[in-house]
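# What the coordinates show
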Amino acid sequence: LIVKLFSVLINSGKNNKDEVVKSNEPKTYLNKVSKTDNYNEDIDKDIQNTIVKYMDSYFKSITTLKEEDMTNLFCDDAYEEAYINQTAISLLINSRKLERNKMTISNAKYDIIFDDIDNENDTVIVKVLENDYLHFDFMKDIESKTYEVENTFVLKKTNNTYKIKSLRKVQDFYVMITNEYKTGKSDKDAKKELDKMKEDYISDFKDEVSDFKTYLSRYENKKDTITKTCDYKYDRTKALSYAKKYVTSRNSKWSNFSEYGGNCQNFASQVVYNGGVPMDLQGDAIWKYYGNDLNETKSKSGRSTSWTGVTFFYDYAKANEGYGLCAEVDINPFYAEAGDIGQVGYNNNYRHTVVIIGNIKDKNGKITDLLINSNSLNLENYPLSGYVYPNKRIIKILGWNKA
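Residues numbered from 1 in each chain as written. Predicted model: local features only at pLDDT ≥ 70, side-chain atom pairs only at ≥ 80, totals over all residues. Heavy atoms only, no water.

## Some thoughts on the overall build of the protein chain
Along the protein chain, the regular secondary structure elements total nine helices and 14 strands. Scaling as 2.2 N^0.38, a compact globule of 403 residues should have a C-alpha radius of gyration of about 22 Å, and the protein chain matches this with 22 Å. Counting only residues that meet the buried cut, the protein chain has 56% of its 403 residues in that class. Counted over contacts in the protein chain with a minimum sequence separation of 6, partners at least 24 positions apart contribute 66%. Between the mean site of the 58 positive side-chain charges and the mean site of the 60 negative ones, the protein chain shows a separation of 5 Å. (Helix = DSSP H or I, 4+ residues; strand = E, 2+ residues; numbered from the N terminus. Rg over C-alpha atoms; globule rule 2.2 N^0.38 Å. Buried < 20%, exposed > 50% of the residue type's maximum accessible area, 1.4 Å probe, protein only. Contact = heavy atoms within 4.5 Å. Lys, Arg positive; Asp, Glu negative; His and termini not counted. Charge placed at Lys NZ, Arg CZ, Asp CG, Glu CD.)

## Some points on the packing of aromatic side chains
Evaluated as defined, the whole model comprises 30 aromatic pairs. Seen from their ring centres, Phe212 and Tyr215 are 5.8 Å apart, and the 90° between their planes marks the pair as edge-to-face. One end of the pair, Phe212, and the other, Tyr215, are both in helix H5 (residues 187-220), three residues apart, so they sit about a helical turn from each other. Tyr215 sits in the partly exposed class, given a relative accessible area of 30%. Ring centres 5.3 Å apart and planes at 20° place the aromatic pair Trp254 and Trp307 in the stacked group. Of this pair, Trp254 sits in the loop between helix H6 (236-245) and helix H7 (264-274) while Trp307 sits in helix H8 (residues 305-308); the two residues are 53 residues apart in sequence, bridging distant segments of the chain. Considered together, Trp254 and Trp307 belong to a single accessibility category, that of buried residues. One cation-aromatic arrangement involves Lys109 over Tyr133; the distance from NZ or CZ to the ring centre is 5.6 Å. Residue placement shows Lys169 over the ring face of Tyr58; its charged tip is 4.6 Å from the ring centre. (Phe/Tyr/Trp six-rings, centres within 6.5 Å; stacked < 30°, edge-to-face > 60°. Lys NZ or Arg CZ within 6 Å of the ring centre and 35° of its normal.)

## Describing the layout of surface pockets
Here the largest pocket is characterised by a volume of approximately 1000 Å³. Considering the residues around the largest pocket, the lining is formed by 42 residues, among which Val170, Ser258, Gly262, Ser376 and Leu377 are closest to the centre. Elements represented by at least two residues in the lining of the largest pocket include exactly helix H2 (45-64), helix H3 (79-98), strand E5 (123-136), strand E6 (144-158), helix H4 (172-178), strand E11 (349-361) and strand E13 (378-383). Among the residues making up the lining of the largest pocket, the classes are represented as 19 nonpolar, twelve polar and eleven charged. (1 Å grid on protein atoms, 1.4 Å probe; cavity = no way out; pocket = protein on both sides within 12 Å on 5 of 7 lines; lining within 4 Å. Points joined across faces, edges and corners; volume = space filled by probe spheres on them. Nonpolar A, V, L, I, M, F, W, Y, C, P; charged D, E, K, R; others polar.)

## Concerning the pattern of salt bridges
Using the criterion set out here, one finds 19 salt bridges in the structure. The partner of Lys127 in a salt bridge is Asp115, with the nearest N and O atoms 3.5 Å apart. With Lys127 in strand E5 and Asp115 in strand E4 (residues 105-120), the pair connects residues that are twelve residues apart, well separated along the chain. Taking the shortest distance from any N to any O, the salt bridge between Glu143 and Lys145 comes out at 3.9 Å. Residue Lys145 is classed as partly exposed on the basis of its relative accessible area of 22%. Within this structure, Arg236, Glu337, Asp340 and Lys396 form a network of salt bridges that share partners. (Salt bridge = Lys/Arg side-chain N within 4 Å of Asp/Glu carboxyl O.)

## Considering empty space enclosed by the protein
Summed over all chains, the structure comprises three cavities of 30 Å³ or more. Roughly 40 Å³ of internal volume is contained in the second largest cavity. Looking at the second largest cavity, the residues that line it are Ser95, Arg96, Glu99, Phe205, Glu208, Ser385, Gly386, Tyr387 and Val388. Counting only elements with at least two residues in the lining of the second largest cavity, the list comes to H3 and H5. Residues that form the lining of the second largest cavity fall into these classes: three nonpolar, three polar and three charged.

## Structural notes on the environment of Gln282
If you trace the backbone, Gln282 turns up in the loop between H7 and H8. Distance in space between the C-alpha atoms of Gln282 and Asn263 is 25 Å, their sequence separation being 19 residues.

## Points about the pairing of strand E9 (residues 324-329)
Counting buried residues in E9 gives five out of six residues, a clear majority hidden from the surface. As paired strands, E9 and strand E14 (residues 391-401) are joined by six bridges and run antiparallel to one another. Bridge pairing in E14 places Glu328 opposite Lys396. (Pairing = 2+ DSSP bridges.)

## Things to note about H6
Those residues of H6 lying buried are Arg236, Ala239, Leu240, Tyr242 and Ala243. One face of H6 carries all of its buried residues, which in axial projection span an arc of 160°. Opposite the buried face of H6, by more than 90 degrees, sit the exposed residues Thr237, Lys238 and Lys245. (Arc of directions from axis to C-beta.)

## A few points about the side chain of Glu81
By secondary structure assignment, the location of Glu81 is in helix H3. Residue class for Glu81 comes out buried when judged on its relative accessible area of 14%. Ignoring anything within four residues of it in the chain, the contact list for Glu81 reads Phe74, Lys165, Ser166, Leu167, Arg168 and Thr183.

See below:
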């Protein structure tokens, strides 16, 4: 009865853009299984099988952009959690369907790394890290990599089979749902609110795609120009080299903020600094890192919020005059070059910083997208359009001024 209820409620919420399909067991996209030093137990094969079934359904959905019905992997009494997951997957698929590029994936595989396990009464909480290796169809020759996506599964064993009670994935399309939705509602109310949330996000995606079409047209017709000059040019070669070297590792000369809200802007600031832009202790806007503790004074100690904070770096880049960083914010994205900075988010709140490492061109040599690296989440050779976050902006780093 519960499984039928899942099917009825999901299909009743379908629109012409949604496609929910049921199929036989898909082929596995699994590459390898391992565990971290934190994981002291042997890997339970029944637990692994449940997680692999989920991951394979998820990967079949994102490669084909056809939404798999994954509710049968959840416990019978976990409709709200099943529909949260289904909504997140649907959000990812439908946003990518709207993109100007062909976002289906021709070749995909994943690793799962068991990181932690905790037994609580009749449930098991398992933390799994996920590495993804993807070849998007519009850029088949480039492998996009995603490292150590956190998945926390709460599993319940029934009749010798584990089913999912809840799942939390730390990735853009998932947190857009789980950060905003408050659990504890009836099935009917849960579906109504989650459907509305997805509908609103899809509207934002449509606006973003329209904006990018306008940007591309303006770029191709040379309607936007960057006239700002600086005393010293930005060394994009050094910036790019740093962005590639430390995309998956961390430079021990700097603190790692991955466990404190993310290392994204810290990484981006390091890239800009290694491109020759000096720390700035002059004027009203400062940008510095001399230590881990926050310190907004003009002393050579601590760090400024602009070094590690997404919106604070944007504010610094926009406001700074005289000595230090010379940049332009909110430029046409198609003018971005390696070493420039991108920021993404949703609900008009920018939450994550990425580093532009190049652009993607079609067979005619026309730019179709930007290629990025980032920390926390670690992304390598990833298309900017692969982000589900609908708000995107570019900070063009031009160089720096001596006075």
